[in-house]
Amino acid sequence: MKTLNLFIVWLAIVLATVSCQPTSPLSEKAQQAVSTLQVADGFTVELIASEPLIADPVAMEIDEYGRMYVVEMHGYPLDTEGSGKIKLLTDTDKDGLPDQSTTFAEGLILPTGIMRWKQGVLVTDAPDVLYLADTTGDNVADVREVVLTGFARSNPQHNLNSPVYGLDNWIYLAHEGTVSTKFFHEQFGGEGQKVTFPNHPEVNLPVNADGRNVRFRPDTYALEMMSGESQFGHTFDHWGHQIMTSNANHLFHEVLAARYMQRNPVLAVADATEYLPTYGPGAEVFPITQNPEHQLLTDVGTITSSCGVTWYLGDLFPEKYQQVTFIAEPVHNLVHADVIEPKGATFEANRLFSEEEFLASTDSWFRPVNFYVGPDGALYVVDYYRQIVEHPEWMSEEVNQSGALYNGTNQGRIYRISPKNKNPDKFLNNLAIGDLPSKELVGLLEHPNLWQRRTAQRLLVDRQAIEIANQLEAIISNSTSAVGRLHALWTLDGLDALNEAIIKTALQDAEAGVRENTIKLAELHWNQYPNLKNEILALQNDSDAKVRFQLLCSLGSLDNPEAQLASQQLLEQDITDEWVHYAALSSPQGNQHWLAFAQTHFAANQGDAETSFLLKLGALIGLKGNQNEIAEVIQSVEQENSAGYASLLEGLSQGIKYADIAPSALQAEKKTMLANVRPDCDLNLRQASLNLLASLGQLPPKEAQVAVQRAQQALNSSSASSEWQHDALTFLGIADPDRYQNQFLAMLTPQHASSVQNEALRMLRRTAGTAPCQNLLTRWPSLTPDVRENAVNVFLTGSERTHLLLAAVQENQIDQSTVGWRRTVHLMNHDDDSIRSAARLIFSGQTTDEDNLNQYQSYLTSSGDSENGKNVFQQSCATCHQMKGELGTSFGPDLSTVRNRSKESILYDILLPNRSIADGFELWEVTLTNGTKQTGVITSESSTTLTLADLAGNESTVARNTIAQLEAAAYSAMPEGLANQIDEEDMNDLLTFLKQI
């Protein structure tokens, strides 16, 4: 810490010296940097600002007077002593470029974003959103107020950031949940508090807003949590659809708003966002960097550090760019671009260029982190310009101690990109939009550049310029600009001057995006104008999928027959869209009328989409736990006598697992399910009934005994089908596994289908004691490889059994390879110290050290056998990893991302995985309110659920209200020990395969 403090003092001196230098506004090195940039054909790149005017820039803002604010984050990655600043750039020689820099504000910790607001700016600096303003005219803020607070100061890459003034007059914040830290807990281990306005603590969100994005309105103290989260940056299209980004998942859309999910909190939506690129996450990028600077966990050659997502909505680029988003990829020194196209309720994205990027640099210090579309329509690129941008949490100790963490902290650049045949306006200190009378501002709402429209709307709403309401109404009725009509609508709403007649007019607008937004406005105002509830029904046959989706979402808040009928029509029309299912089921009154609708509409024709909807409906009813509703579902299936409704029962079984239902409840319904445990019942209906019985528990004895007799007859019959024998075993395991364990063991013969044997083994996992495992060891020589794979799992259901397995491996009764790497991971990281120690001794012999690394070094110079390497991958890696989404299990990172790294670098990570835990791949231990535990990687979250993937890649969605405790495990999912699993030549072959795929 003393060393760090001395460094901070030195840094402050250097920065103070730089700020006073009477030198050229652009350093010679920065001017030369333009030659390292390669931009798409037809564009030109110009250096706008650099050191000594600015350093460490991460965000910028241009206000209505043409003043340029730049956020400087000097403290990244470890300094929390208040080195952050806001610089104000001005143009004194009137050439359109900044030549003077003033420190507008300082003493910030790790500032991450800025937005013009009233007479100052809003700045995000965890735990706060600050309002900074200059009231004396000296370009230095003399007002500093906390507007919103409570956000966690976690790893700086994940703190709240990027305030954006939304189309709907809310201010939106990008924000993620806390990230576990092993090494820097003092600086970045904060969990946050309730998010609230300091002077209005009664208005608040949960601690750290549950890791969600947030929107708020400072003037009215409105505060809401969103359903999605974004790491650094977020953006909106013309019509207000929010697009977000996070590391390798570089482009996704919040489809279902939190306000719709929260009205039905038991709706189990694993993730309210849709990943957009058709070419998958961790997508390949095409850097041109010479001598790249890659750290420990860099996924070289693929998107790994996406940030600053920006939808281009300026007026300077060619028309096709109106559908283009830009992503900063600082690790690979480039800017990636996608073309966005509508797809049902959401979108899809495709590369703008197939094997090149919109902007790339040969300079490894080029670190684009953010963008800004200016009043001139040009795209401004914010270049952090550092040697290292990875956080020390995920870097080697060697790099952390090298003294290079802050190399470049006195540098930074802002570039402007524009078409070659266009000359951007000289706006810097040359705008007077803020002085325009309100009636002239109205005209800017029709401007083709979003910066102009958004600025005009913000100013009009801030002024509460009610006198221009008639002008706004005229735009809505007569303007040829669709975006102008849209902004006029929301400006009227911000002035509280939107009337029923205007809403009715806008509902018939020729532009789908205007109609979609008008439905939202109608929803906001239908208590004031009740007739709007009927007016919006006319849009149920709209030609646009997003209009229909928004209508379905809005209708879910209405409890009347007309709304329900329209909702049913919308669902039926768009049944193939999964998001439409969730929108329909989000209605708090929805369970019963959707059940009745399904009975009348899905009985005759039930395809995959209908089956999927019924599964969701059943899960929703089961999770809600209302016994009357559950009984009605079971009775409806019985009355219809339709195997097509098996998915309803299957859904019930999934939801009931997390509901609070007494084991003795629903006895009559259990009898109905028991009647389906017979050979002539439809297979899907029988299996759904079994799963439901397993979830409910405590069977009625008389009916259960009849079903037991049928099941036993099946197991003793050579003519019974394997499907019926499989289900018979399932039922005996539900009824009394200990009592029937001998029958399970009796099915473990080569004469029975492997599916039957594997189900017998699954039921043996339900039994108590070690006797079944002792029996399995006796039978082991006769078990086929497929059956052995499942037999190992029987040993993992208790400490005594697990010790039997370890002893059997040590004594060569069970081959170590049969246990497999996935289960080896589990055993070597077991909660039981005795199991963990024994497993590490048996499977690895010793912890990997430098000697283990050295033993492989001499083999890495040869070319290696890629085909054999593929075999090694499948044997040792595929249980937790995939290659390009294939070959294995998607649990840990896709290993195709490491192909551009050196063999030595990959080897180091393989043999010493516990030196750090990759961001996003922490193991989490979840304890539920019913006492059960689950461990896995959190793959997605929503405001009501989170989804865990276990070491086998199996996913389970857990309702947040069933979680008693959630904490990150202090170990990697991949333990040390591969040095004794893979010999030197095979390791070289594996590395060759990983680099060639």
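Residues numbered from 1 in each chain as written. Predicted model: local features only at pLDDT ≥ 70, side-chain atom pairs only at ≥ 80, totals over all residues. Heavy atoms only, no water.

Caption draft 1: Region of interest: the overall build of the chain. Looking only at helices and strands, the chain features 34 helices and 33 strands. Restricting the contact set of the chain to residue pairs at least 6 apart, pairs at least 24 apart contribute 66%. For the chain, the exposed area adds up to about 38,100 Å²; of that, 46% sits on carbon and sulfur atoms. (Helix = DSSP H or I, 4+ residues; strand = E, 2+ residues; numbered from the N terminus. Contact = heavy atoms within 4.5 Å. Areas by Shrake-Rupley, 256 points an atom, 1.4 Å probe, with all protein chains shown as cover.)

Caption draft 2: Region of the structure containing unusual backbone geometry. Note that the residue after Glu51, namely Pro52, is joined by a cis bond; omega there is 10 degrees. Its location among the elements puts Pro52 in the loop between β2 (43-50) and β3 (57-62). Cis rather than trans, the peptide bond between Ala126 and Pro127 has omega equal to 15 degrees. With phi around 60 degrees, Leu666 is a residue other than glycine that occupies positive phi space. Among the secondary structure elements, Leu666 is positioned in the loop between α19 (646-656) and α20 (667-674). Its relative accessible area of 8% is what places Leu666 among the buried residues. Of note in the backbone geometry, Asn812 takes a positive phi value of approximately 65 degrees without being a glycine. (Buried < 20%, exposed > 50% of the residue type's maximum accessible area, 1.4 Å probe, protein only.)

Caption draft 3: Molecular detail of the packing of helix α13 (residues 545-555) against helix α15 (residues 578-585). Contact pair α13 / α15: the axes reach a minimum separation of 8 Å and the direction vectors enclose 20 degrees. Here α15 runs roughly parallel to α13, going by the angle between their axes. In this structure, α13 crosses over α15, and the sense of that crossing is left-handed. Along its contact with α13, which presents Phe549, Leu552 and Cys553, the element α15 presents Trp579, Val580, Ala583 and Ala584. The residue makeup of the contact of α13 with α15, split by class, is 7 nonpolar, no polar and no charged. (Axes fitted to C-alpha atoms, helices over the stretch in contact; angles between N-to-C directions. Parallel < 35°, antiparallel > 145°, perpendicular 65-115°, else oblique. Left-handed = near helix turned anticlockwise from the far one by under 90°. Nonpolar A, V, L, I, M, F, W, Y, C, P; charged D, E, K, R; others polar.)

Caption draft 4: Structural detail: helix α17 (residues 608-624). Helix length check: α17, at 17 residues, gives a terminal C-alpha distance of 24 Å against a target of 24 Å (1.5 Å per residue), a fit within 8%. Two residues or fewer past α17, Gly625 is found with a positive phi of approximately 80 degrees. (Expected span 1.5 Å × (residues − 1).)

Caption draft 5: The side chain of His250, seen in detail. With respect to the helices, strands and loops of the structure, His250 is situated in strand β19 (residues 249-254). Of the polar contacts made by the side chain of His250, one reaches the side chain of Tyr279; its length is 3.3 Å. Aside from chain neighbours lying at most four places away, what touches His250 is Met244, Thr245, Tyr275, Pro277, Tyr279, Ile303, Ser306, Ile327, His336 and Asp338. (Polar contact = N/O pair within 3.5 Å; in protein donor to acceptor, adjacent residues only side chain to side chain.)

Caption draft 6: Quick look at the packing of helix α7 (residues 450-463) against helix α9 (residues 482-494). Their axes nearest at 9 Å, the elements α7 and α9 cross at an angle of 20 degrees. It follows that α7 is roughly parallel to α9 by the angle criterion. Along this stretch, α7 crosses α9, giving a crossing that reads as right-handed. Contacts between α7 and α9 involve Leu450, Arg453, Arg454, Gln457, Leu460 and Val461 on the former and, on the latter, Val483, His487, Trp490, Thr491 and Gly494. Its residues assigned to classes, the contact of α7 with α9 comprises 5 nonpolar, 4 polar and 2 charged.

Caption draft 7: Highlighting the packing of aromatic side chains. In the structure shown here, the tally under the stated rule is 23 aromatic pairs. Centroid distance Phe366 to Tyr415: 6.2 Å. Interplanar angle 70 degrees. Geometry classified as edge-to-face. With Phe366 in the loop between β25 (359-361) and β26 (368-373) and Tyr415 in strand β28 (residues 413-419), this residue pair connects regions lying 49 residues apart in the sequence. We classify Phe366 as buried; its relative accessible area is 2%. For Tyr415, a relative accessible area of 1% gives the class buried. On the numbers, 6.3 Å between centres and 80 degrees between planes, the contact of Tyr380 with Phe427 is edge-to-face. Separated by 47 residues along the polypeptide, Tyr380 in strand β27 (residues 379-383) and Phe427 in the loop between β28 and α6 (438-444) bring together distant segments of the chain. Residue Tyr380 shares its accessibility class with Phe427, and that shared class is buried. Each member of the aromatic cluster is reached from another via a ring pair, and the members are Phe43, Tyr312, Phe317, Tyr321, Phe326, Phe358 and Phe371. Lying across the ring of Tyr582, Lys616 places its NZ or CZ 5.4 Å from the centre. (Phe/Tyr/Trp six-rings, centres within 6.5 Å; stacked < 30°, edge-to-face > 60°. Lys NZ or Arg CZ within 6 Å of the ring centre and 35° of its normal.)

Caption draft 8: How the structure looks around the nonpolar core. Leu256, Phe326, Phe358 and Phe731 are the most contacted members of the largest nonpolar core, which totals 225 residues. Ignoring any residue separated from it by four or fewer positions in sequence, one finds Phe731 in contact with Leu674, Val677, Leu690, Leu699, Ala704, Ala707, Val708 and Ala711. Within the second largest apolar cluster, 24 residues are counted, among which are Ile171, Val195, Val214 and Met225. (Core = buried A, V, L, I, M, F, W, Y, C linked by side-chain atoms within 4.5 Å.)

Caption draft 9: Spotlight on the sheet that holds strand β12 (residues 171-174). Taking strand neighbours across the sheet as the criterion, the 4 strands line up as β11-β12-β15-β16 in an open arrangement whose pairing is antiparallel. Each of the sheet's edge strands pairs with one partner strand only, and the pair in question is β11 (161-165) and β16 (222-225). Looking at each pair of strands side by side, their axes are set apart by 20 degrees on average, direction ignored. Note: β11 against β12, 3 bridges, orientation antiparallel. (Pairing = 2+ DSSP bridges.)

Caption draft 10: Molecular detail of the pattern of salt bridges. Under the defined criterion, the tally for this structure stands at 27 salt bridges. Here Asp63 ties to Arg116 by a salt bridge, and the two come within 4.0 Å at their closest N and O atoms. Taken together, the positions of Asp63 in the loop between β3 and β4 (68-72) and Arg116 in strand β7 (residues 113-117) put the pair 53 residues apart, joining distant regions of the chain. Owing to a relative accessible area of 1%, Arg116 belongs among the buried residues under this scheme. Several salt bridges share partner residues, and in doing so they unite Asp63, Glu64, Arg67, Arg116 and Arg458 into one network. (Salt bridge = Lys/Arg side-chain N within 4 Å of Asp/Glu carboxyl O.)

Caption draft 11: Focus on the environment of Ser477. If you trace the backbone, Ser477 turns up in helix α8 (residues 469-478). C-alpha separation for the pair Ser477 and Thr505, spaced 28 residues apart in sequence, amounts to 7.3 Å. Leaving out residues up to four positions away in the same chain, Ser477 has contacts with Ile502 and Thr505.

Caption draft 12: Representation of the side chain of Asn758 in the model. As for its placement among the helices and strands, Asn758 is situated in helix α25 (residues 754-764). When neighbours within four sequence positions are excluded, Asn758 is seen to be in contact with Asp786, Val787 and Asn790.

Caption draft 13: Just the sheet that holds strand β17 (residues 234-236), in detail. Ordered in space as β17-β18-β19-β20, the 4 strands form an open sheet in which the pairing is antiparallel. Two strands close off the open sheet at either side, each with one partner strand: β17 and β20 (273-275). The average angle at which neighbouring strand axes cross in this sheet is 30 degrees, direction not considered. Across 3 bridges, strand β18 (residues 242-246) lies against β19 in antiparallel orientation. Residue pairing in the sheet places Met244 in a bridge with Phe252 of β19.

Caption draft 14: Seen up close, helix α28 (residues 799-810). With 12 residues, α28 should cover 16 Å at 1.5 Å per step; its first-to-last C-alpha distance of 16 Å lies within 8% of that length. All of the buried residues in α28 are Arg801, Thr802, Leu804, Leu805, Leu806, Ala808 and Val809. A positive phi of about 65 degrees marks Asn812, the residue just after α28.

Caption draft 15: Fine view of the pairing of strand β15 (residues 214-217). Two elements, β12 and β15, share 3 bridges in a ladder whose sense is antiparallel. Its bridge partner being in β15, Leu173 is matched across the sheet by Val214. Two strands pair when backbone bridges link them, and β15 and β16 are joined in this way by 4 bridges, in the antiparallel orientation. What sits directly across from Arg215, in β16, is Glu224. Linking β15 back to β16 in an antiparallel pair, the connection comprises 4 residues, with Tyr221 at a positive phi of about 55 degrees.

Caption draft 16: Representation of the pairing of strand β24 (residues 346-351) within the structure. Bridge analysis of strand β23 (residues 334-343) against β24 gives 6 bridges, and the strand direction is antiparallel. Bridge pairing links Glu341 to Glu348 in β24.

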